[in-house]
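# Descriptive analysis of the structure
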Amino acid sequence: MAKNKQQKAKASKKKTWDLSPAPESTSHVQLKKKYELYIDGKWVKPTSGKYFPSINPGNEEKIADVAHADAKDVDKAVKAARKAYDNVWSKMSGKERGKYLFRIARMIQERAREFAVIESMDGGKPIRESRDVDVPLAANHFFYYAGWADKLEFAFPNRKVEALGVAGQIIPWNFPLLMAAWKIAPALATGNTIVIKPAETTSLTALKLAELIHEAGVPPGVVNVVTGFGDTGAEIVNHPDVNKVAFTGSTNVGKLIQNAIAGTKKKSTLELGGKSANIIFEDAPIDQAVEGIVNGIFFNQGHVCCAGSRLFVQEGVADQVIKKLKNRLDHLYIGDPLDKNTDVGAINSKEQLDTIRKYIEIGKNEGNDIYESSCNMPSKGYFCKPTLVLNVAQSSKLVQEEIFGPVLTVQTFRTVDEVIQKANNTPYGLAAGVWTDKGSKIFNLTGKLRAGVIWANTYNRFDPVSPFGGYKESGFGREGGLHGLEAYVKLA
Ligand code: ADP
C-alpha cells in the first residue's frame, strides 16, 4: 500500500509534456576573443597587461578574455571624460545630445538579437527574458532620455540646470545591458560624461554597447568603459576628479562606497539589495497570483534586486496557493539559457551558486520545510532548482537576508496590519507586490509598505517613465523618469 502511494507520488511529479530543444542561434553573434578598455574613443590595452576570462555559466566555457583596469587606466579614463566634458559635451546643445541618444536607441533595436544572445550567454538568463525584457527596455531608456535632452528647462521649471561633470558608474551582473542604459542615458541627456564599469562576470554587453556608441559617432571620451573587479570600481569611486558616483549592487559594497565618498563633494545614488514581499490576499485571483509569484522570483533565477523573495499568503488560501505553487515549480523548464522554452536559466557564477546553496543548507538546519522543484537538471553549468522554504520564522536568516537566487520563503498571515508589519520587518525596502480584488486594500497597503516600488496584481514590470529606487538599506536616489534626471544635475 505504502509502495503504491510512493509510486503514485512519483508519477504525479513527472512532467506532463516534453518540449524539443529550441536553442537560439549564435551564428550571427560577433564576439572578439579578447576585449581591451574603451578609453577616449579608442580600444587600449590595460597598463598591467592583465586579463580575466568571462565564463558562460550555462556551460562553464570561456567566451572571451576581458582587460583588468587598474588605477592608471581609471585615471586615463577619467581624464578623457573630463576633457570631453570641458571641450565638447558640456558645450553641445541639448538638441544635439538628444540626437546621439536617439541614434544609440535605434541601433540597439537594430542589433537587439545579438545583444539578447550575448546577454544570455554571458549572464545565464533565459533568452526569453533578455529578448523580451532587457534589450527592449534598454533601447526604451535611451529613447526616453533622448526626449528630455533638449527639454531640461521644462523638467525643472524656473531653475537653472547644470550638468555635474564626470560620472563614475558601477553596475552589477543581473541586468548588465539594462543597468548600463539606466546609468548612461540620463547622464548623457543632462550633459555629463562617463566612466562606467560593468560587473566582472558580465562585461560583454557593456563592451558591445561601447562598440555601438563608437559607431554612433559619440565624441571620444564622452563614454569610457573600463572593465575589472571591485578594485577597479574602488578606483573610480576614489578618483578625485569624479563628480558623481552611481552604483547598483550589494548593500555591503554600497556602504563601503558611502564611507569612501563621505566628506567629499561627490554626489551619489545607490541602488542596493532587496528582500521584497509578495502579498496574496484571500480575494486575489489565485491562478494569476501564482503566475506572478513565479515571475517575481523564479523566471530570472531570483537575480533581480527587487525579486519577490518573501511570499505572504493569507491563511484561508495558503494550502491552495502552496499546492499550485509546488505544481508550477515541478513544471518549470530549467536549463540552456539560449533555449526559447527555458523558464529558469543559469546562476550567474559558481560563487553565487555556492552562496545560494549555503542559504538552502542554513534553511534545512533551521528545520524549515524545504521543497525543491522536481524538474530535470542539466549536467553542466551553474544551475539551482527553484526552491520553496515553508514554515519559516520571521527571524530566519532566509527571511531577513538577500539570497539572490531562486529561493522563496513562504509565510502566512491573518490580518492586514499583521502583514504590513511582517513585510516591513527587514532592513530593506526596494519593492513589494499586492494581490487582491479590492482597490481600497491596494491603496491602504501602498501607503504603509516601506518600499520604493509597489506592484498591484502584477510583478516585475518596468518602464523608463517610472522612477525606481529604495528605502532603508535598499539605497537612495531614484533611477528612471524625471527623478532619474535630477540625479545628474545641479539646480540653481
Ligand atoms: P553583487 O553581490 O551583486 O555581485 P557587488 O556589490 O559585489 O554585487 O558588485 C556590484 C559591482 O560593484 C560590480 O561591478 C563590482 O565589481 C563592483 N564592486 C565590488 N566591490 C567594489 C568596491 N569596493 N568599490 C567599488 N565597486 C565595487
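Numbers given to residues run from 1 along each chain, matching the order in which its sequence is written. Side-chain atom pairs in this predicted model are given and counted only at pLDDT of 80 or more, local residue features only at pLDDT of at least 70, and totals for whole chains, interfaces and linings cover all residues. Excluded from the side-chain calculation are hydrogens and water; included are all heavy atoms of the structure.

All right, on to the packing of helix α11 (residues 286-297) against helix α12 (residues 315-330) then. Axes here refer to lines fitted to C-alpha atoms; in helices the fit is confined to the stretch in contact. Angles between the N-to-C directions go from 0 to 180 degrees. In this text, helices come from DSSP runs of H or I with a minimum length of four residues, and strands from runs of E with a minimum of two, each type numbered from the N-terminal end. Close contact between α11 and α12 brings their axes to 10 Å; oriented N to C, the two are set at 55°. On the basis of the axis angle, α11 is oblique to α12. Note on packing geometry: the crossing formed by α11 with α12 is right-handed. Side by side, α11 and α12 meet where Ile 286, Asp 287, Val 290, Glu 291, Ile 293 and Val 294 of the first sit next to Val 317, Gln 320, Val 321, Lys 324, Leu 325 and Arg 328 of the second. Charged means Asp, Glu, Lys or Arg here, nonpolar means Ala, Val, Leu, Ile, Met, Phe, Trp, Tyr, Cys or Pro, and polar covers whatever is left, Gly included. Here the residues of the contact of α11 with α12 are counted per class, giving seven nonpolar, one polar and four charged. An angle below 35 degrees is treated as roughly parallel, one above 145 as roughly antiparallel, one from 65 to 115 as roughly perpendicular, and anything else as oblique. The handedness criterion is simple: a crossing whose near helix is rotated anticlockwise from the far helix by less than a right angle is left-handed, and one whose near helix is rotated clockwise is right-handed. Should any heavy atoms of two residues lie within 4.5 Å, those residues are considered in contact.

Once that is clear, we can look at the pattern of salt bridges. Note on definitions: salt bridges are taken to be side-chain nitrogens of Lys or Arg within 4 Å of carboxyl oxygens of Asp or Glu. Under the counting rule described, the total for this entry stands at 27 salt bridges. Between Lys 490 and Glu 162 there is a salt bridge, with the nearest N and O atoms lying 3.7 Å from each other. With Lys 490 in strand β20 (residues 489-491) and Glu 162 in strand β6 (residues 161-163), this residue pair connects regions lying 328 residues apart in the sequence. Of the charged contacts, one joins Lys 255 and Glu 473 as a salt bridge, the two residues approaching to 3.4 Å between their closest N and O atoms. Of this pair, Lys 255 sits in helix α10 (residues 251-261) while Glu 473 sits in the loop between β18 (453-456) and β19 (475-476); the two residues are 218 residues apart in sequence, bridging distant segments of the chain. Per-residue accessibility, obtained with a 1.4 Å probe over protein chains only, is compared with the maximum for each type, and a residue is labelled buried under 20%, exposed over 50%, and partly exposed between these values. Taking relative accessible area as the criterion, Glu 473 reaches 31% and is therefore assigned partly exposed. One network of salt bridges, with partners in common, ties together Lys 32, Glu 114, Lys 208 and Glu 211.

Moving on to the packing of aromatic side chains. Whether two aromatic rings pair depends on their centres lying within 6.5 Å, for rings of Phe, Tyr and Trp, where Trp uses its six-membered ring; planes under 30 degrees apart make the pair stacked, over 60 edge-to-face, and the rest tilted. A complete count under the given rule lists twelve aromatic pairs for this structure. Ring geometry for Trp 89 and Tyr 100: centres 5.8 Å apart, planes at 50°, overall tilted. One end of the pair, Trp 89, is in the loop between α2 (71-87) and α3 (94-110); the other, Tyr 100, is in helix α3, and eleven residues separate them in sequence. When sorted by exposure, Trp 89 lands in the same class as Tyr 100, which is buried. Measuring from centroid to centroid gives 4.7 Å for Trp 455 and Tyr 459, while their planes differ by 50°, and the two rings are tilted. A single burial state applies to Trp 455 and to Tyr 459, both of which are buried. Among the aromatic residues, those joined into a cluster by ring pairs are Trp 182, Trp 455, Tyr 459, Phe 462 and Phe 468. Here, over-ring charges are defined by two tests on the NZ atom of lysine or the CZ atom of arginine: distance to the ring centre within 6 Å, and angle to the ring normal within 35 degrees. Stacked on the ring of Phe 175, the Lys or Arg Lys 125 has its end atom at 3.8 Å from the ring centre. Lying over the aromatic face of Phe 299, Arg 128 brings its terminal NZ or CZ to 5.7 Å of the ring centre.

So, about the side chain of Glu 114. For Glu 114, the position within the fold is in helix α4 (residues 112-123). Filtering out sequence-adjacent residues up to four positions away, Glu 114 remains in contact with His 28, Val 29, Gln 30 and Lys 208.

A probe as big as a water molecule, rolled over the atoms, marks out the empty space that is left. Whether a set of points on the 1 Å grid over the protein atoms alone is a cavity depends on a 1.4 Å probe fitting there but being unable to get out, while an open set qualifies as a pocket with protein on both sides within 12 Å along at least five of seven lines; lining residues are those with an atom within 4 Å of a point. Grid points are joined across faces, edges and corners, and a volume is the space filled by probe spheres set on the points. For the structure on display, the rule yields six cavities of 30 Å³ or more. As for the largest cavity, its lining consists of 16 residues, and the residues nearest its centre are Arg 310, Ala 423, Ala 431, Arg 450 and Ala 451. Mapped onto the lining of the largest cavity, the elements with two or more residues apiece are α15 (416-424) and β17 (431-435). Taken as a whole, the second largest cavity holds about 80 Å³ of empty space. Contributing to the lining of the second largest cavity are 14 residues, with Gly 302, Ala 307, Ser 309, Glu 402 and Phe 404 lying nearest its centre.

Looking now at the site of the ligand. If you check the shell around the ligand, you find 17 residues, and the closest are Ile 171, Trp 173, Lys 197, Glu 200 and Ser 250. N or O atoms within 3.5 Å of each other form a polar contact, as long as, within protein, one can give a hydrogen and the other can take it, and as long as residues adjacent in sequence are counted only when both atoms are side-chain atoms. Between Lys 197 and the ligand, the recorded distance is 2.8 Å, taken from a side-chain N or O atom to an oxygen atom. Within the side chain of Ser 250, an N or O atom sits 2.7 Å from an oxygen atom of the ligand. For the area figures, the Shrake-Rupley method with a 1.4 Å probe applies, and any residue is considered shielded solely by the protein chains shown. Starting from 550 Å² of accessible surface for the ligand in isolation, the protein chains cover 79%. Elements represented by at least two residues in the shell around the ligand include exactly α9 (230-238), β10 (244-248) and α10. Nearness here has a simple test: a residue counts as near a molecule or strand if at least one of its heavy atoms is within 4 Å of that partner.

Moving on, we come to the pairing of strand β7 (residues 166-170). Taking burial as the measure, the five residues of β7 include five buried ones, the bulk of the element. Side chains Val 166, Gly 168 and Ile 170 of β7 all project onto a buried face; the interleaved residues Ala 167 and Gln 169 project onto the opposite face, where all are buried too. Convention used here: a crossover is right-handed provided that the path from the first strand, over the helix, to the second strand proceeds clockwise when the strands point away from the viewer. The handedness of the β7 to strand β8 (residues 193-197) crossover, carried by helix α7 (residues 176-189), is right-handed. Across four bridges, the pairing between β7 and β10 is parallel. Residue pairing across strands places Ile 170 opposite Phe 247, the latter belonging to β10. What makes two strands pair is DSSP finding at least two bridges between them.

By themselves, these are just geometric observations and shouldn't be taken as functional.
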